[in-house]
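Spelled out, the chains give:
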Amino acid sequence: MKKAVVTGITGQDGSYLAELLLGKGYEVYGIVRRSSTFGTERIDHLYQDPHKKPPLKLIYGDLTDGGNLSTILNDIQPDEVYNLGAQSHVRVSFDQPIYTVNVDALGTLRLLEAVRMMKKPPRFYQASSSEMYGKVVQTPQTEATPFYPRSPYGCAKVYSFWQTVNYREAYGLFACNGILFNHESPRRGETFVTRKITRAATRIKMGLQEKLFLGNLEAKRDWGFAGDYVEAMWLMLQADKPDDYVVATGQTHSVSEFLDEVFGYLDLDWRKYVDVDPRYYRPSEVDILQGDAAKARKQLGWRSKVDFKALARMMTEADLKLAENEKVIREHRSR
């Protein structure tokens with residue numbers, strides 16, 4: 001039975017990856033930060049069943065503690081390590097740049113060092129980001145496109161990307177970078193623009209909210225489904241040799257187009273409910289991201305399955321159920 005260690009397992013990608021690995025018979029160990037609250041909502045359906053074989057095991061750890069990471073890996077002796085842990089919100093990285101770099105950049109280095117020091121180093125996956133391209137110098141972006149990050153988050157991810165390449169070339173590690181473009185799902189955090197939209201739109205539909213405030217409506221992104229993208233992560237570590245891959249749909253849509261899809265599905269005109277708030281603008285904006293995943297298609301056989309319209313519909317339907325339940329609870333309490 002293969003063993004995998006996953007950082008960031010309580011996040012969107014971590015939860016889908018855990019499902020995938022468990023479905024393939026892996027023994028999965030998730031590293032979670034110690035907290036006074038559990039924060040395991042996305043993986044409770046996997047973790048709370050002690051009879052599930054193989055089980056999911058959670059271990060306290062932190063990307064800011066290299067010694068602890070080394071102890072964990074040496075105790076488990078995993079076959080694969082997936083580094084998904086990060087301060088992943090671009091806008092927040094401007095407010096907390098030092099913390100972002102400590103976790104997203106130096107955290108990767110600490111984990112790479114822990115992997116390198118093992119007698120039998122596991123295969124290593126680094127969650128790189130399309131935000132590394134930032135002020136893009138060509139469209140669409142490929143593995144050969146130069147990076148031009150426009151945020152502390154993007155800069156930290158560039159550092160991690162090159163450290164992963166360096167450890168692969170200097171020490172012979174099987175280390176891969178997945179340059180993932182924006183990927184969403186019903187498990188996306190509510191502070192990210194797509195989920196912020198679907199959550200607000202469904203609450204507006206149910207009469208629970210009146211307005212939605214957003215930043216740049218013309219920013220264009222290559223949006224895919226997180227459940228598809230974690231399969232690409234796994235495929236990278238099953239390949240004959242390590243490499244770096246863009247993971248994307250190849251299509252780009254603006255925030256306003258996402259609003260059209262979501263509010264239109266609910267028979268609402270978003271222009272009546274959405275206001276632009278300058279507070280949500282970034283100090284330096286990324287106008288367009290569009291990925292070319294030809295290399296992943298050719299070498300890994302990977303393809304995105306859920307298109308833009310289906311993704312918006314999936315997220316809207318899931319949040320509509322939440323809004324309906326919220327309305328029932330509110331009405332029950334007001335009696």
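Residues numbered from 1 in each chain as written. Predicted model: local features only at pLDDT ≥ 70, side-chain atom pairs only at ≥ 80, totals over all residues. Heavy atoms only, no water.

1. Topic: the pattern of salt bridges
In total, this model carries 20 salt bridges according to the counting rule given. For the salt bridge of Arg-187 with Glu-19, the shortest nitrogen-to-oxygen distance reads 2.8 Å. Here Glu-19 lies in helix 1 (residues 12–23) and Arg-187 lies in the loop between strand 7 (183–184) and helix 8 (193–205), a separation of 168 residues in the sequence. Accessibility expressed as a relative area gives 26% for Glu-19, which makes it partly exposed. (Salt bridge = Lys/Arg side-chain N within 4 Å of Asp/Glu carboxyl O. Helix = DSSP H or I, 4+ residues; strand = E, 2+ residues; numbered from the N terminus. Buried < 20%, exposed > 50% of the residue type's maximum accessible area, 1.4 Å probe, protein only.)

2. A look at the packing of aromatic side chains
What the rule picks out here adds up to 13 aromatic pairs. Plain terms: the ring middles of Phe-147 and Trp-162 are 6.3 Å apart, the flat faces sit at 65° to each other, and that makes the pair edge-to-face. Placement of the pair is Phe-147 in the loop between strand 5 (123–129) and helix 7 (152–171) and Trp-162 in helix 7, with a sequence separation of 15 residues. These aromatic residues form a ring-pair network of at least three members: Tyr-133, Phe-147, Phe-161, Trp-162 and Phe-181. It is Arg-123 that lies over the ring of Phe-174; its NZ or CZ is 3.7 Å from the centre. (Phe/Tyr/Trp six-rings, centres within 6.5 Å; stacked < 30°, edge-to-face > 60°. Lys NZ or Arg CZ within 6 Å of the ring centre and 35° of its normal.)

3. Observations regarding unusual backbone geometry
Of note, the bond from Thr-139 into Pro-140 is cis; its omega dihedral lies within 30 degrees of zero at 0°. With respect to the helices, strands and loops of the structure, Pro-140 is situated in the loop between strand 5 and helix 7. If you check the backbone angles, Gln-77 has positive phi at about 55° while not being a glycine. Secondary-structure assignment places Gln-77 in the loop between helix 3 (66–76) and strand 4 (80–83). The exposure class of Gln-77 is partly exposed, given its relative accessible area of 39%. In this structure, Asp-267 takes a positive phi of about 60° despite not being glycine. Mapped onto the elements of the fold, Asp-267 is located in the loop between helix 10 (255–265) and strand 13 (274–276). Residue classification places Asp-267 among the exposed positions, given a relative accessible area of 68%.

These results come straight from atomic positions and should not be treated as a statement about function.
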